[in-house]
Amino acid sequence: MFMKRTYIIIILCLVSRLTSGQTMFDILKQLPKENFEEINIDSLIKNEKFYPASNSDEQIIRYTLTGVNDITGTLRIEMTFESGQRGFIIRELRRIKVTDNEFIIVYSVVNGAPIAFGQSELATYKLKRGQLTKTKKNLLPSNIGLADFVKPNTPDSVIAKYNEYSNHSYELVYSGDNICYVLYENFDSFEIDRSWLLGNKIEFIFRNGKFKRASPSFSEE
């Protein structure tokens, strides 16, 4: 009886996988190849790391696969240097369920250096019965920025100071149940007045086929 139940559970899991939009690796492989110019995706998936053939003694680039979770629908690829350079590129994927056979896929690219980085690409796709197609228009706003985090009538001098000591971008993998646009700041460390801030994150909640934008709120995590 126990074995029979086990087989039933396994079969149900397999059926669920076949009807639930594939694994995150399956989705990754369907994305346009130009998004991963020098990455061998199969090698990256197998080894969780990938070193491009173009590496040299002076420049060693490493791609690392992290944040892969088929239950929450997340995947993250980090490009960093092992040769001392400070630049990075972070590619993130997020799968959001619409129906049993349809999902929204969000693809984000953030790049720069630890002291200065930002959103360089954002795209949304529809995944229906295993087929990935780009949406006619992005389902998330691309014109969001620092101005969305500050109170009305904030002085230009304050905005300039905030801009000098902060960065902002979408966060898809480690933001909890919802997609967040995050203001990365540590104003307290530089004794900068934070009283003009409305928050340091803006959540986008997927409901009834679209993303609903919440008001800015604070998260100190």
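Everything below is about the structure shown above.
One numbering rule holds for all chains: residues counted from 1, following each sequence as written. It should be noted that, the model being predicted, local features are given only for residues of pLDDT at least 70 and side-chain atom pairs only at 80 or more, the latter also being counted only at that level, while totals for whole chains, interfaces and linings use all residues. Computation of side-chain values: all heavy atoms of the structure, hydrogens and water removed.

### Some remarks on the overall build of the protein chain
In this text, helices come from DSSP runs of H or I with a minimum length of four residues, and strands from runs of E with a minimum of two, each type numbered from the N-terminal end. Counting its regular elements, the protein chain contains four helices and 11 strands. Long-range contacts, defined as pairs at least 24 residues apart, comprise 43% of the intrachain contacts of the protein chain with a sequence gap of at least 6. Residue burial considers only the protein chains on display, and all accessible areas are found by Shrake-Rupley using a 1.4 Å probe. Of the roughly 13300 Å² that the protein chain leaves accessible, carbon and sulfur atoms contribute 52%. Any two residues whose heavy atoms approach within 4.5 Å at even a single point are treated as in contact.

### Considering the pairing of strand β4 (residues 88–99)
Exposure categories follow from relative accessible area, calculated using a 1.4 Å probe and restricted to protein chains: below 20% of the type maximum is buried, above 50% is exposed, and the middle band is partly exposed. Counting buried residues in β4 gives nine out of 12 residues, a clear majority hidden from the surface. Pairing geometry for strand β3 (residues 74–81) and β4, over six bridges, is antiparallel. Bridge pairing in β4 places E78 opposite I90. At least two DSSP bridges between two strands are needed for those strands to be called paired. Hairpin connection, β3 to β4: the antiparallel pair is bridged by six residues, and G84 has positive phi, about 105 degrees.

### Side note on the environment of C180
Following the sequence through the fold, C180 ends up in strand β9 (residues 179–185). In this structure C180 comes out as buried when scored by relative accessible area, which is 3%. In the structure, C180 is positioned 23 residues away from E203 in sequence and 4.4 Å away in space, judged by C-alpha atoms. Those residues in contact with C180 that sit more than four places away from it in its chain are S169, Y170, E171, S175, K201, I202 and E203.

### A word on the nonpolar core
Side-chain atoms within 4.5 Å are what join buried Ala, Val, Leu, Ile, Met, Phe, Trp, Tyr and Cys residues into a set we call a nonpolar core. Within the largest apolar cluster, 26 residues are counted, with the highest numbers of intra-cluster contacts made by L28, L31, F36, Y63, I77, L93 and I105. A per-element tally of this core places strand β5 (residues 102–113) first, with four residues. Leaving out residues up to four positions away in the same chain, L31 has contacts with F36, L93, Y107, Y125 and L132. Counting 23 residues, the second-largest nonpolar core is a separate cluster that includes V150, I179, L197 and I202.

### Remarks on the packing of aromatic side chains
Classification of ring pairs rests on two measures: the distance between centres of Phe, Tyr or Trp rings, Trp counted by its six-membered ring, which must be within 6.5 Å, and the angle between planes, read as stacked under 30 degrees, edge-to-face over 60 and tilted in between. Counted by the stated rule, this structure contains 10 aromatic pairs. Here the aromatic rings of F149 and Y181 are separated by 6.1 Å at their centres, their planes lie at 25 degrees, and the arrangement is stacked. A residue pair is termed long-range when its members are at least 10 positions apart, and F149 in the loop between β7 (131–134) and α4 (156–164) and Y181 in strand β9 qualify at 32 residues. The exposure class assigned to F149 is buried, which follows from its relative accessible area of 0%.

### Things to note about unusual backbone geometry
With a phi angle near 65 degrees, N153 is a residue other than glycine that sits in the positive phi range. Within the secondary structure, N153 sits in the loop between β7 and α4. The exposure class of N153 is exposed, given its relative accessible area of 74%. Its identity as a non-glycine residue notwithstanding, E191 has a phi of 55 degrees, on the positive side. Inspection of the secondary structure puts E191 in the loop between β9 and β10 (201–207).

### Concerning the pattern of salt bridges
The salt bridge criterion pairs a side-chain nitrogen of Lys or Arg with a carboxyl oxygen of Asp or Glu, the two atoms within 4 Å. Under the definition given, this model contains 10 salt bridges. Salt-bridge contacts for E92 lead to R76; the nearest nitrogen and oxygen are separated by 2.6 Å. Here the residue E92 occupies a position in strand β4, and R76 occupies one in strand β3, the gap between them amounting to 16 residues. R213 serves as the salt-bridge partner of D148, at 2.6 Å between the closest nitrogen and oxygen. In this pair, D148 sits in the loop between β7 and α4 while R213 sits in strand β11 (residues 210–213), placing the two residues 65 residues apart along the sequence.

Worth remembering: the numbers are spatial, not functional.
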